[in-house]
Every structure is written in C-alpha cells, then in structure tokens.
There are 2 protein chains.
Amino acid sequence: MFNLFSVKGGISTVEGFFCDGVNVGMKTNPANSGDSNIDGDVAFIRSEALCDVSARFTSNKFQAAPIKHYQKYPKDFQTNFVLMNAKNANAMTGAKGIEDIEDIFKKLDNYIPTHNPIMSSTGVIGYRLNQEKITSAFDKFDFNAKNSNKTARAIMTTDKFKKELAFRVELDDGSEFNIAGICKGAGMINPAMATMLCFITTDADIPKDDMEELLSKAVNSSFNKISVDGDTSTNDTILLLSNKLSGAYNKEAFREALNKITFELAMMILKDGEGANKLVAFEVKGAKNSKEAEIASKALSNSLLVKTALFGEDPNWGRIASTIGASGVECDDTTLTIYYDNLLIYSDEQRELDPKREEQAYKIMKNNSFKVICDLGLGNGEFISYGCDLSYEYVKINAEYRT
Amino acid sequence: MFNLFSVKGGISTVEGFFCDGVNVGMKTNPANSGDSNIDGDVAFIRSEALCDVSARFTSNKFQAAPIKHYQKYPKDFQTNFVLMNAKNANAMTGAKGIEDIEDIFKKLDNYIPTHNPIMSSTGVIGYRLNQEKITSAFDKFDFNAKNSNKTARAIMTTDKFKKELAFRVELDDGSEFNIAGICKGAGMINPAMATMLCFITTDADIPKDDMEELLSKAVNSSFNKISVDGDTSTNDTILLLSNKLSGAYNKEAFREALNKITFELAMMILKDGEGANKLVAFEVKGAKNSKEAEIASKALSNSLLVKTALFGEDPNWGRIASTIGASGVECDDTTLTIYYDNLLIYSDEQRELDPKREEQAYKIMKNNSFKVICDLGLGNGEFISYGCDLSYEYVKINAEYRT
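**Let's talk about the overall build of chain A**
- In terms of regular secondary structure, chain A is built from 12 helices and 15 strands.
- Relative to the compact-globule value of 22 Å for 403 residues, chain A shows a C-alpha radius of gyration of 22 Å, a close match.
- C-alpha extents for chain A along the principal axes are approximately 75 × 55 × 35 Å.
- Put simply, chain A has 403 residues, and 59% of those count as buried.
- Sequence-distant contacts in chain A: of pairs separated by 6 or more residues, those separated by 24 or more amount to 83%.

**Some words on the environment of A:Arg357**
Residues and elements named next belong to chain A.
- Looking at the element boundaries, Arg-357 is found in helix 11 (residues 355–365).
- When the 17 C-beta atoms within 10 Å are taken as the criterion, Arg-357 is described as partly exposed.
- Expressed as a C-alpha distance, the spacing of Arg-357 and Leu-344, which sit 13 residues apart in the sequence, is 8.3 Å.
- If we ignore the near neighbours within four places in the chain, the residues touching Arg-357 are Leu-343 and Ile-345.

**Remarks on the nonpolar core**
- By size, the foremost hydrophobic cluster in this structure holds 230 residues, and its most contacted members are A:Ile179 and B:Ile179.
- Here A:Ile179 is in contact with A:Val14, A:Phe167, A:Val169, A:Ile200, A:Thr202, A:Ala204, A:Ala257, A:Leu258 and A:Ile261, once residues within four sequence places are set aside.

**Quick word on the sheet that holds strand 13 (residues 343–346) of chain A**
- Taken together, six strands build an open sheet; the order of strands is 9-15-11-14-12-13 (chain A) and the sheet is mixed. Single-partner strands in this sheet number two, and they are strand 9 (226–227) and strand 13 of chain A.

**Quick notes on the domain arrangement of chain A**
- Domains assigned within chain A are domain 1 (2–271) and domain 2 (279–400).
- The C-alpha centroid of domain 2 of chain A is placed 33 Å from the C-alpha centroid of domain 1 of chain A.

**Some details on helix 7 (residues 251–271) of chain B**
- For helix 7 of chain B, spanning 21 residues, the distance from its first C-alpha to its last is 30 Å, which sits close to the expected 30 Å at 1.5 Å a residue.
- The complete set of buried residues in helix 7 of chain B reads B:Ala253, B:Phe254, B:Ala257, B:Leu258, B:Ile261, B:Thr262, B:Leu265, B:Ala266, B:Met268, B:Ile269 and B:Leu270.

**A closer look at the pairing of strand 6 (residues 163–171) of chain A**
All names here are of chain A.
- As judged from the five bridges shared by strand 1 (residues 2–6) and strand 6, these two strands associate in the antiparallel manner. Bridged to Phe-5 within strand 6 is Arg-168.
- As defined by bridge partners, strand 6 adjoins strand 7 (residues 176–184) across eight bridges and the pair is classed as antiparallel. Looking at strand 7, one finds that Glu-164 is bridged to Ile-182.

**A closer look at the sheet that holds strand 11 (residues 279–287) of chain B**
All names here are of chain B.
- Spatial strand order, 9-15-11-14-12-13: six strands in an open sheet with mixed pairing. Edge positions in the open sheet fall to strand 9 (226–227) and strand 13 (343–346), since each of these has one partner strand only.
- Both strand 11 and strand 14 (residues 369–375) contribute to a ladder of seven bridges, which runs parallel. Bridge pairing in strand 14 places Val-280 opposite Phe-370.
- The strands touched by helix 8 (residues 290–302) are strand 9, strand 11, strand 14 and strand 15 (381–388); relative to strand 15, the strand with the most contacts, the crossing angle is about 15 degrees.

Conventions and cut-offs
Every residue gets a number counted from 1 within its own chain, in the order that chain's sequence is written. Here chains are named by letter from A upward and ligands by number from 1 upward, in the order in which they appear as written. Residue-level local features of this predicted model are given only where pLDDT is at least 70; pairs of side-chain atoms are given and counted only at 80 or more, and the full residue set underlies all totals for whole chains, interfaces and linings. For helices the rule is a DSSP run of H or I covering at least 4 residues; for strands it is a run of E covering at least 2, with both sets numbered from the N terminus onward. Put simply, the radius of gyration uses C-alpha atoms, and a globule should come to 2.2 Å times the residue count raised to 0.38. Whether a residue is buried, exposed or partly exposed follows from its count of other C-beta atoms within 10 Å of its own C-beta, namely 20 or more, 12 or fewer, or something in between, respectively; the C-beta atoms are built from the backbone. Think of it this way: build a C-beta for each residue from its backbone, and any pair within 7 Å is a contact. Only buried Ala, Val, Leu, Ile, Met, Phe, Trp, Tyr and Cys residues enter a nonpolar core, and they are joined through C-beta atoms within 7 Å. One bridge is not enough; two strands pair if DSSP finds at least two bridges between them. The domain limits used here are those given by an automatic or database domain assignment. Helix span, expected: 1.5 Å multiplied by one less than the number of residues in the helix. Geometry is summarised by axes, namely lines fitted to C-alpha atoms with helices restricted to the contacting stretch, and by angles between N-to-C directions that run from 0 to 180 degrees.

Shown next as structure tokens:
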C-alpha cells in the first residue's frame, strides 16, 4: 500500500518549509539558569505556500496569550508563519499579552511578508514578553534556512535532548509526501494534554477534514496518554501545518505516519521526563468499561507512591493494588491479577511474593522500560497510559526552576 | 458554658481505659528498616466497661482485612478491646487475612475476656500476619497499664514523632468528662481520608447518634482536608470509643473537644508529612460554589509543581494559577486574586511581581507555615485544605520503604 522511510533532518525535510532558531538572551536570569543545553530561545517555521492548520490546545482554563491570539483568527484560516519562544510563557498576562504578540508581528512585517502568523511560547508564567529581545531575533534569523536542529533546540526548556522526527512516505502510484515533527516538553506533563509544544509540518495534499480527524486521534493515543507529574500547563499546543506542495496523499499512509510521529515524540518527552530514569507502560484491562480502565491506568501513572517505588526499583505490588483501589473504579481483590511484563506477581491464589518471583520482579524493574499489567477480571475495558519514575532530580529541577 | 483543659497523658487519662505497647519484632527486614524511632509494634486499648463505637474507614475499594473483620459485627455492636499492630497492613490478604484476626482473638481469650474485639493494622501491603509474633505480645502486655506513650509509639511507621492529645472538659453543673486521641500517619495522605489510624477514647455519656453525627463532621473538617501525597491507603481507620463512665455530657462541649482533637491530630500528621518542612493552608474562596472551591483547593495541595515550588521557597504564583486553571473549575484571570498570607501577589492590575513584593513573598515562604489564598472572584464557594512541600526526603523515604 505504502512505505514509510524514517529520514534525518526533522521538519526541514518537508518541501517548502523553512525554519531557524537563534539566541537573544530571553533568560530572566541567565547567570543562574543552569540550562546550558539551550543554545537558542526564539525560532520560526515558515512555509512558502499558505498552510491549512489544525491545532489542539491545553485543557487548562487559563490559556496563555498565544493561544488566545490564535483563537481570534476565523475558523479555517490559513497561515505561513509560526514564531516560537522559550523561557517566557506569556501566560496570565491579560489583554497586554495578546497586544504584545500583535506588536511583535507588526514589526515582523518589515522583514518578511506573513499571513495570519501564529505565536507559540513556553517558559515561566506571569511575565510580559520582552518585545525588544524577541524582535531582535528578526535581524538574526535566516528566513531561508532549513535548520530543524536549531529550531528544535530553541524551544527546549528543561529538556535534556531535542525531539525531532521525519518520515518520507512513498505511495503505490510512485508519488510521495513528507511529514515531520519537533516538540519540547519534560515536566508539567499530564495525560490531559502534556505540557508541550509540538509542531508537525507536511507537504501532503491532505484535506482539512482529514487533518482534524487524524490529528485528534493521533493526540489521544500519544500525548494524552503520558504523564510525568500530573500537571497541565497553560501553554500546551500542537500544530499540524500542511502546505500541500507534494500533491501526494493517502489517508491510511498519513494516519500511520502521523500516529508514529506523535507517539514517538510523546515517548521522547517521557524519556526526558524531569529526573526520570524509567519509562513504564501501565496497561489496565478487564475493567468494567474503557472509561474505568482509563481512570485506573492514569491513577497509576500519576501516583507518587507508585512513581517512587519505580525509582526505588521495589517490586511492591501493594502500591499498585492500593492505587487502583483508591482510584474509585470497580475492582475486587479476588479477580485482580498483576503482572510485571510476563511475570505474574499477584493473583488471588498467589498473594505473597515468594523470594524467587521477587528476584525475577526485581530484575524486570532494573530495566529502563517495562510494563505493569493489571487485569481487573471484571469486563472488557482496556487502557494503556505511560509514565515514569519520580527521582530526587525531579524535586531538584522543580524546586530550582525559575530562580 | 464549659471549659476545655488540655491535659497530659494521652488516652490513658480517660476513665476506665487501659493501654500498652510492646515490641515483638514485626519488621519484615529489621536490619534494613532504618525506622529506629519505633520502639514498639503491637499495642492495645481496653475499656473496663463496654463501649459504643463509631468508625470511619478508607474510601479505598481494597479495604484491609481488619476493616472487613470489623464490618462483620452487627450494627451498633459494643466492644471493650482494640488490638493494633504496625509494619504489616494485613491488606490484600484475602479471606485468610480475616481468619488470621479471628485466630489471634481466640488466643487473646486465654489472657483477658474480650467482647467483639477490633483489630487495626498499618504497614506493608500483601503479607499475611505472623500470628505467632502478634500473639507473643499477649505475654508482654500489661493489661492494666495506662501507657498512652507506648501505645502511640507502637503504631508509628514512618512517623517521626508520636501524636497524642487529651482534654478534660468541665461542664457548668460541675460534672466533667475526658476525651483523648492518638494517631499515626506521615505518608500516603490524601484528603479522601488520610492514611492513618486514629483512636479516640472518651468517658463522656454521649448518645450513639451524637457520636455518629459529630465524628462525621469532625473528620470532614480535619483528616479529610489534609494531603501529603494524594494517595489513599487500604487501612485508614478512625475509631471513637465511649464507655460513658463519667456520666457527664454536653453536646456543644463534646463537639468542640472532638473537633480540636481531630484537627490538631491532622495537623500533626501534616507536620510529620514524609520529608515535609512546611505546612501550607490553601484557601480558595470566591468560587462558583463550595464544590468547585474544594476541587481547586485540593488540586493545589496535591500538585507536584506547587509542592516543589514550596520546597524551593520560590514565590512562583504562576504554578498556583496554572494548577487552578488545570483543575477544571470555572475561573477567570481578570477576577482572580492570589495572596500569600496578607500579601497580594497577583491581580488583574498587578500581574508581574515587582522586586519589592517578590522580596516580601520570599520572606513569607521562608516560614514553616503560611497561607495561600486564591479568590476566584466569581461566587461564594469556599474551602480550605492543608498540604506540605515535597522534598528530596519524600522521594528517599518512599523509594526505600519496605526494602
């Protein structure tokens, strides 16, 4: 039907898209920031042709100014420009926060023609953007660059590594299209849409309705299934931009490529979870229904006691069971079974962990990645969410962030 | 109307109650347990006269065996004996867990006559009780002791200090009664009933209906308002035992004394919160209704980002605002105001924290205890919950617990 090829180069690989990232010193206190990984703080993505755009934003009621600014555009607007900055979320900044964006875009017009430009910000909440600094980036940008690397690095905050991914998709008829994504995110990550910015570009000739449908499904089975700390930010944004330049499209191929990109980027966020050492899948099945499976699964990926037990590599299934019981879903300790990967560690007949199985469980928990499977034994409800451990490092990062 | 006098001696001060605690080596791995504070692990409370009893238990669906054992007694049963143990929760132990309790009480009959004895356990989930060890305590107990100190210490797990409180209540007619409580709890603490055991004894001549009514209200405004980590255990128990021996009673006086005892014990749990250094009250007012105020307030006391900011003593009100926005309650950033104690740190007109106010906020956060007040400016809903910071020490305690 079609072939997917993973390619290097991130969002630069997509026809007609240009991008660059530069450093203008946005850090509120560069001397103490300690985030030496960050070699940029303002970036852009530009398309030579107008793009359809699909977006998903945070469920946080206090949506940041860039999101409110986006929402002022008419339905089904087209754009050719996205401006991004790190280190200042432009959140809780009121009407002034939106005016700042409009002022910045007025100045941008002196450099390059834009149509309905979009802004996207991440960083500290509660401070006005420094317009002068942001617009100083316009002198530094190469508007014809194809530098996904610098772009992906410029949006990083507490991220330890950049997150980018690109596919070339070959269809049966010999035509091909490209799809690629970058994202940032490491903390404040919650299943109700991770704290993250994600930008996906494509030259596929995809109808707008398909964009909406496929993006919703892709986000639900990727970013909405991960949790670092159960907090949901004011700025979460995922943008899908399509400039149609390849002329090629196949819905199944696009669906698969988009799902791969969003899932892999979500797993990268989790692997980069602040202070996290382990990526754990929490699979709940046999629940009364899928809603209850989701509640129990997300309770596990958000529980501090489960997360610290993962960090301690302690096969303490009692905390798993207790968290399910506390989540409020229907459950019964005589029908419940718990596995770590394929190892049965709890069932009605086999409640205490004998030394041999404890040893085996201990080995599994030493891995960087494994599965916790809880079968409630009651119905057909299933859900998987993904989480990580909670280490000293998480506390350090979040106690020291900002200052 | 009446006078409350705080007295020393804990639950031993109440007429007709006896109690003691001993050490029988219940630790699963004493060499590594590290809990050197704990000088006992099995304890009892006994009354010379039969007691009415009111109880509240965990909302966790996987209730531990002692709770299921309690629930087998007929409604309005009376008792004269409570046996407690630490280091083994007797939870997720199935029918055998209940049989173990029945066997233990059969052996207790050889030592002292009991009527409908109650058991209460705390510790690790998933292991059968060691009957031999528990019953070895019967040889060591002094059944006529009045040793609240040893009793309160025997039920400690990760607690750093024992928690006990006693009042003598003088009524207008010259009659008096006593009421006293002990409890344990430091982690796995959640507003939906803290992970804790709490035992309150009284010789007041209180009608059973009043016991039920006043205990419910007292628990709702104390233990159900605190959070260390948002986890709810399988064993939470609060027992109110009244042997009526004083013959004295006044409803208002009893209400006040009981509320004081439950609130003070709840605050002791929070001060002893695993790794906690600060006790913070999260007061949400101006919410659409009281339910929404409760949701927002509990979201604050449970947020990892808020808790780590408290630990970092960072006056980062953005995390407070973001957490309220993420909680799903109706809110508006133009009507919201945030205070630390009496210091306004956010309002529509005053969004950025100027250096002077930041300095003042910083000073408040250095205190061991302060208030975060969020007025949503929308309605009359109010709620206060109480939380603590999240430190390296919490992670250490919970990564290492059990092993």
